Amino acid sequence: MAFESLTEKFGNIFKKMRRETTLTEANMDAALREIRVALLEADVNYKVVKAFTSDVKEKALGQEVLKKVNPSQQLIKICHDELVELLGADNTEISYNKTGLTTIMLVGLQGTGKTTSAGKLALLQKNKLKKKVLLAGLDVYRPAAIEQLGTISKQIQVDFFEMGTDVDPVDVAKKAKERAVAEGYDVLILDTAGRLQIDEALMDELKNVNAAVHPDEILLLVDAMAGQDAVNVANTFNAKLRLTGVIMSKLDGDAKGGSSLSIKYMTGLPVKFAGVGEKLSDLDVFYPDRMADRILGMGDVISLVEKAQEVIDEKEAAKEAKKLMKGEFTLDDMLKQMKTVQRMGSVSALAKLIPGMPKLTPEQQEAAEKRMRDFETIINSMTPYERRHPETLKFSQKNRIAKGSGKTNADVNRVIKQWEKSKEMMKQMQQYQKSGKMPPMGGMGGFR
Amino acid sequence: MGLFAYLKNKFSKKKDDQKEQITAEKYQKGLAKSRAAFADRLEELSKRYEKVNSDYFDELEQILIEADVGVELTLKLLDQLLSKSQKENISEPKRINEELIDMMFVDYLESGDSIVNDVQFQEGQPTVLLVIGVNGVGKTTSIAKLAKRYQNQGKKVMLAAADTFRAGAVEQLKIWASRLDCPIVTGAENSDPASVCFDAARYAKEHGIDLLIVDTAGRLQNKKNLMDELAKMKRVLSREISNAPHETFLVIDGTTGQNGVQQAISFKEVVDLTGIVITKMDGTSKGGIILSIRDELGVPVRFIGLGEKMDDLEEFDLDEYLHALLVGERKE
C-alpha cells in the first residue's frame, strides 16, 4: 500500500522512542526530524511538512508529560490528531442531487488515470449505490481514448455515449447531458482529455464544458506518484474550474502518495476516492481518519469490515449460517467462501488492510492467489457427491481428480486438508456465536 | 572552471547550424518551468541576502526539495556546502550558489559524453527495441515519436502492440501506426504478449524491417507477472532474432516525485535497461529527477520529451540540459 513505507518509518521512529521514559524536548526533536524527512521522502509538500512538524512540536511542548503514559503513545496521539486534521478530518462523499441527474466531470494531467477511474467510479455507483450511470467520452485527442472507455463500459455493463473524435468536446458534453436527462439517468460521468495546467487553449475548453453543462462535481485526478508539483497543478485547475474534490490514483504502486496530504492542506480540496488496484472494482472511498491510522500503523480494519459486508449477500449469509448450525460444510461452501473473498478484491489488497499483515511480499501474495485458483480447478473436477463428502475419497478417485484438473495427488490432498481445517474453524465459530463473542476473522484464515 | 563559466563559454558562440539552434530552443522552452523554479529562485534568493546565514540555508533547502532533488541528497549537499563555506570563509550569496551548483552538476559533466544516445542498429537483421514503463507515463506516445524519428532517418520501422492488458492500448498504437504509415502487429485483448512478439519478429525478418519497437504493459504492481511476461517475451524475441531485444528503454514521467528513482530501480531488477526516456519535462517545474536517476542507477537518459509535438522528443544532451536549466537565455 502506498503509505506502507511511511507507516514503517513511523514505526521505526516510535520503536526508538519506546525505550525512553520521558518525553523531553531533545528526544522529541530527534523523532520530529525523522518524521520530517519521512514526510518529505513521501513527496509531501515542503510547506505542509514544515507546518505539520511545527504544529506537532508546539502541541507536544505545550502539554505536560502525563505520568504513566508511554511517551511514544503521547506523540503518536498528537501526530495522529494532526494528520487527521491535515487529511481533512471528515469523510467526504459525492453530493448527489436528490432528484434528477448528477453530473460529474473528471479532469487532470495526461496519464493520471482519468479514463480508468471513470470506469471504476461508474462501477462503484452502479453496484454500491444502485445508480443508473451514463459514461461519456470527451477525450477527442488521445488516440483510442474513446475506444478505451467504450471497452471499459462494456466490461462493467454501463451505458456509453460518444460522438467520435471529429467533434467539439463541448458538444459531446451537451448532447450527453440531454440524453442522460431524457432517459432518466442518475449519474453522468464526463471523461475529459488529459492536459497540462499551463495549456491555455485546452484549459479554456474545460471552462466551456463547465459553462455548458454545469457539472455538480468536478474531480481532479492526482497520480500517487506526483511530486512536489502536485499542489501547483491542483491550484491551477482549481482557479480555472472551481474543483469539488480529488481522486487519488495508483495508490497501489510503491509511490508513497504524500501529495494527498499536501493537496487537502494547501487547497482545501478533499480527496474523495482512491484507486487501489488495476481491477475495475479497485476504487475506494477515501477516509482521511483511517488513512491517518494507517500511516501510524494501526491498519484499516473498519474499511475491511465494510468491504466484506458489501460483497456478502445478506440472504445468502442467513442460509449459510443455518447450514453451518447443522454442522454441514462442503467443499462447495469452501469454494463459495473463497470466491467471496476474491470478489472483495485480491487477497493482496485485503492483506494490506489488516494490521500486522503488511509484511507479505508480492511473491507471497501471488502464491496465495494462485493457490486459490488451483483449489477451484481441483474442486471443479469433482462430482457433486465428492464435493459434499470429501472424506470418502479413495486413492483411485483422487487420481482421477488430479488428472482431470492437471494437478498432482498431493495438490488434491492439500485441498482436503484445507477443508478439514476450515470445517474445524467453522465449528469454533459456532461456539463463538453461541457464547456471543466475535470470532477472529472467521473463515479467512486458510488463505494465507 | 566553475560550471557557469563552462556553460557560458560553450554556449556564447552563436549557433551556426540551424538544426542545433532549433534543438537549443526546444530545450530552452521545455525547461522554462524548471528553470523558473530552480535557477531563477536561486538568483532571486542571492539578491535578497547580503551575507549567508542559517536562514539562507533554510531557503536553499526549500528550493532544492521543491525541485524534487530528494531529501537525502539535499541534506548531504547542504552539509558539504556549509562546511566549505566555513572553511573557506565564503559568505557572499552569489558565490555560495555557484559552489552549490558545481557540487550538484560537476560530476555529471566529468562522467558524461561518452554515451551514444541514438539507437544502435544491427547489421543484417532487424533491431528490436523493447519499451517498458508504468501506466500513464507516455509510453505509447514516446514510441510513436521514436518511430517517426527513425522513419525520418530513412529506416523501415514497425510496431508491436504487446500491451494486451490495458483496454484501448492496442487501438491507441494502431492509430499511431496508421498515422505514421508503418506496419503493426497486434494480438487480441488479454492474449499472450509473447505470441505478439513472435508474430512481430517473423514479420520483421520477412519484410526487411530495420527497427521493431515493442510496446509492453506497464504493470509494476505485480512484479512477478511482469517479470514472467518480460522474460517470456525476451525468450521468444531472441529465438527469432539473435540477441534481441537489442535495446530496452524505460519511460519515466518527468512529473514523478521521489518514486521515479524507485520505479527505475524496480524495473532494473527485472530487465536489463539500456536507456531511459524522460517524458513531460515541459509540464514540470523540477528537472531534479534526471540527476538522481543517473546517479543511482548508472543507466543513461537517452531521450527527453520537451513538448507535445511529434518532433519534440530529443536526444538527451547534458550540456544543453544544464544550460537551459541553469543559465537560460539570460538578459546579460
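Residues numbered from 1 in each chain as written. Chains lettered and ligands numbered in written order. Predicted model: local features only at pLDDT ≥ 70, side-chain atom pairs only at ≥ 80, totals over all residues. Heavy atoms only, no water.

Engineer: So, the overall build of chain B: which residues are in play, and what are the values?
Structural biologist: Assigned secondary structure in chain B consists of 14 helices and 8 strands. Taking the contacts inside chain B whose residues are at least 6 apart along the sequence as the reference set, 77% of them involve residues at least 24 apart. Total accessible area computed for chain B in this model is approximately 14,100 Å², and 45% of it derives from carbon and sulfur atoms. (Helix = DSSP H or I, 4+ residues; strand = E, 2+ residues; numbered from the N terminus. Contact = heavy atoms within 4.5 Å. Areas by Shrake-Rupley, 256 points an atom, 1.4 Å probe, with all protein chains shown as cover.)

Engineer: For the overall build of chain A, give the residues involved together with the corresponding values.
Structural biologist: Helix and strand counts for chain A stand at 19 helices and 8 strands. For chain A, buried positions account for 54% of its 448 residues. Residue pairs at least 24 apart in sequence account for 73% of intrachain contacts in chain A once pairs closer than 6 positions are excluded. Accessible surface computed for chain A: about 20,400 Å², of which carbon and sulfur atoms make up 52%. (Buried < 20%, exposed > 50% of the residue type's maximum accessible area, 1.4 Å probe, protein only.)

Engineer: Can you break down the sheet that holds strand E3 (residues 184–186) of chain B residue by residue, with the values?
Structural biologist: Residue and element names in this part refer to chain B. Ordered in space as E3-E2-E4-E1-E5-E6-E7-E8, the 8 strands form an open sheet in which the pairing is mixed. Every interior strand has two partners, whereas the edge strands, E3 and strand E8 (313–315), have only one. Taking each pair of neighbouring strands and ignoring which way they run, the sheet shows an average axis angle of 20 degrees. Sheet analysis places strand E2 (residues 157–162) next to strand E4 (residues 211–216), joined by 6 bridges and oriented parallel. For Met 158, the partnering residue across the bridge sits in E4 and is Leu 212. Against the sheet, helix H8 (residues 139–152) engages strand E1 (127–132), E2, E4, strand E5 (247–253), strand E6 (275–279), strand E7 (301–305) and E8, with an angle of about 175 degrees to E4. (Pairing = 2+ DSSP bridges. Axes fitted to C-alpha atoms, helices over the stretch in contact; angles between N-to-C directions.)

Engineer: Please give an account of the packing of aromatic side chains that cites residues and values.
Structural biologist: All names here are of chain B. Here the structure, examined in full by the defined rule, presents 4 aromatic pairs over all chains. Of note, Arg 149 hangs over the ring of Tyr 150, and the distance from its end group to the ring centre comes to 5.8 Å. Looking at Arg 179, its charged tip hangs above the ring of Trp 176, at a distance of 4.9 Å from the centre. (Phe/Tyr/Trp six-rings, centres within 6.5 Å; stacked < 30°, edge-to-face > 60°. Lys NZ or Arg CZ within 6 Å of the ring centre and 35° of its normal.)

Engineer: Help me get a handle on the sheet that holds strand E1 (residues 102–108) of chain A, residues and values and all.
Structural biologist: All names here are of chain A. Read across the open sheet, the 8 strands follow the order E3-E2-E4-E1-E5-E6-E7-E8; overall the sheet is mixed. Either end of the sheet is taken by a strand with one partner, and the two such strands are strand E3 (159–161) and strand E8 (283–285). On average, each strand axis in the sheet is tilted by 25 degrees relative to the strand beside it, whichever way the strands run. As defined by bridge partners, strand E2 (residues 133–137) adjoins E3 across 3 bridges and the pair is classed as parallel. What sits directly across from Leu 134, in E3, is Asp 159.

Engineer: Tell me about helix H8 (residues 200–213) of chain A, and please be specific about residues and values.
Structural biologist: All names here are of chain A. Taking 1.5 Å per residue as the helical rise, H8 with its 14 residues ought to reach 20 Å, and the 20 Å between its terminal C-alpha atoms agrees with that figure. Where H8 is buried, its residues meet E1, helix H7 (169–182), strand E4 (187–191), strand E5 (217–223) and helix H9 (230–241). After H8 finishes, the residue His 214 shows a positive phi value of roughly 45 degrees. (Expected span 1.5 Å × (residues − 1).)

Engineer: Can you tell me about empty space enclosed by the protein, naming the residues and giving the values?
Structural biologist: By the definition in use, this model includes 8 cavities of 30 Å³ or more. The space that makes up the largest cavity amounts to roughly 210 Å³. Leu109(A), Thr112(A), Asp223(A), Ala226(A) and Thr255(B) are, among the 19 residues lining the largest cavity, the residues nearest its centre. Elements with a contribution of two residues or more to the lining of the largest cavity: E5 and H9 of chain A. For the lining of the largest cavity, the residue count by class is 10 nonpolar, 5 polar and 4 charged. (1 Å grid on protein atoms, 1.4 Å probe; cavity = no way out; pocket = protein on both sides within 12 Å on 5 of 7 lines; lining within 4 Å. Points joined across faces, edges and corners; volume = space filled by probe spheres on them. Nonpolar A, V, L, I, M, F, W, Y, C, P; charged D, E, K, R; others polar.)

Engineer: I'd like a rundown of the interface of chain A and chain B, residues and numbers included.
Structural biologist: Of the residues lining the interface, 36 residues belong to chain A; the matching set on chain B comes to 44 residues. Interface of chain A and chain B: buried area, both sides summed, is about 3,400 Å²; carbon and sulfur atoms make up 52% of it. Three residues, Tyr46(A), Met225(A) and Glu278(A), lead the burial of chain A against chain B; their summed loss comes to 18% of the area buried on that side. The interface formed by chain A and chain B contains 2 salt bridges. Where Glu66(B) meets Lys47(A), a salt bridge forms, and the shortest distance between an N and an O atom there is 3.3 Å. For the side of chain A that touches chain B, the secondary structure elements donating two or more residues are helix H2 (25–41), helix H3 (46–62), helix H6 (145–156) and helix H16 (362–380) of chain A. Classifying every residue of the side of chain A that touches chain B by side-chain character gives 12 nonpolar, 10 polar and 14 charged. (Buried area = accessible area lost by both parts, 1.4 Å probe. Salt bridge = Lys/Arg side-chain N within 4 Å of Asp/Glu carboxyl O.)

Engineer: Kindly report on the pattern of salt bridges, identifying the contributing residues and their values.
Structural biologist: Throughout the structure, instances matching the rule amount to 28 salt bridges over all chains. Across the salt bridge formed by Asp253(B) and Lys280(B), the nearest N and O atoms sit 3.1 Å from each other. One end of the pair, Asp253(B), is in strand E5; the other, Lys280(B), is in the loop between E6 and helix H13 (288–297), with 27 residues separating them in the sequence. Taking the relative accessible area as the measure of exposure, Lys280(B) reaches 17% and is therefore buried. Overlapping salt bridges bring together Lys47(A), Arg41(B) and Glu66(B) as one network.

Engineer: Account for the packing of H8(B) against helix H9 (residues 169–180) of chain B, naming residues and giving values.
Structural biologist: Residues and elements named next belong to chain B. Packing of H8 against H9 leaves a shortest axis separation of 10 Å and a crossing angle of 20 degrees. Viewed along their axes, H8 and H9 adopt a mutual orientation that is roughly parallel. Two packed elements cross with a definite hand, and for H8 against H9 that hand is right-handed. Side by side, H8 and H9 meet where Thr 140, Thr 141, Ile 143, Ala 144, Ala 147, Lys 148 and Gln 151 of the first sit next to Gln 172, Leu 173, Trp 176 and Leu 180 of the second. When grouped by side-chain class, the residues that make up the contact of H8 with H9 number 6 nonpolar, 4 polar and 1 charged. (Parallel < 35°, antiparallel > 145°, perpendicular 65-115°, else oblique. Left-handed = near helix turned anticlockwise from the far one by under 90°.)

Engineer: Residue-level account of the side chain of Thr330(A), with values.
Structural biologist: With respect to the secondary-structure elements, Thr330(A) resides in the loop between helix H13 (314–325) and helix H14 (331–343). Setting aside anything within four residues of it in sequence, one finds Thr330(A) in contact with Arg387(A), Arg388(A) and Trp419(A).

Engineer: I'd like a rundown of the confidence of the model for chain B, residues and numbers included.
Structural biologist: Residues at a pLDDT of 70 or more form 91% of chain B, whose mean pLDDT is 84. Listed scores for the predicted complex are pTM 0.70 and ipTM 0.73. (pLDDT = per-residue confidence, 0-100.)

Engineer: How would you summarise the nonpolar core if you had to cite specific residues and measurements?
Structural biologist: Within the largest apolar cluster, 105 residues are counted, with the highest numbers of intra-cluster contacts made by Leu60(B), Phe105(B), Ile213(B), Tyr321(B) and Leu326(B). The element contributing the most residues to this core is helix H14 (residues 318–327) of chain B, with 7 residues. Shared between two domains, this core holds at least three residues of each, these being domain 1 (18–111) and domain 2 (127–327) of chain B. Apart from the residues lying within four places of it in its own chain, the contact partners of Leu326(B) are Leu3(B), Phe4(B), Leu7(B), Phe38(B), Ala39(B), Ile101(B) and Phe105(B). Counting 65 residues, the second-largest nonpolar core is a separate cluster that includes Leu40(A), Phe52(A), Ile218(A) and Val222(A). (Core = buried A, V, L, I, M, F, W, Y, C linked by side-chain atoms within 4.5 Å. Domains from an automatic or database assignment.)

Engineer: Give a detailed account of helix H10 (residues 259–267) of chain A, specifying residues and quantitative values.
Structural biologist: All names here are of chain A. Most of H10 is tucked away, with 7 of its 9 residues classed as buried. Every buried residue of H10 is listed here: Ser 259, Ser 260, Leu 261, Ser 262, Ile 263, Lys 264 and Thr 267. Trailing H10 by a residue or two, Gly 268 shows a phi angle of about 80 degrees, which is positive.

Engineer: Can you break down the pairing of E2(B) residue by residue, with the values?
Structural biologist: Residues and elements named next belong to chain B. For E2, the tally of buried residues reaches 6 of 6 residues, placing the bulk of the element in the interior. Residue alternation in E2 divides its side chains into two sets, Val 157, Leu 159 and Ala 161 and Met 158, Ala 160 and Ala 162, and both sets are buried. As paired strands, E2 and E3 are joined by 3 bridges and run parallel to one another. Directly across from Ala 160, in E3, lies its bridge partner Val 185. Taking the sense of rotation as the criterion, the β-α-β connection linking E2, H9 and E3 turns out right-handed. (Right-handed = clockwise from strand over helix to strand, strands pointing away.)

Engineer: So, unusual backbone geometry: which residues are in play, and what are the values?
Structural biologist: Residue and element names in this part refer to chain B. The residue after Ala 244, namely Pro 245, is reached through a cis peptide bond having omega -5 degrees. If you trace the backbone, Pro 245 turns up in the loop between helix H11 (223–240) and E5. Here Lys 280, not a glycine, exhibits a phi torsion of approximately 60 degrees, which is positive.

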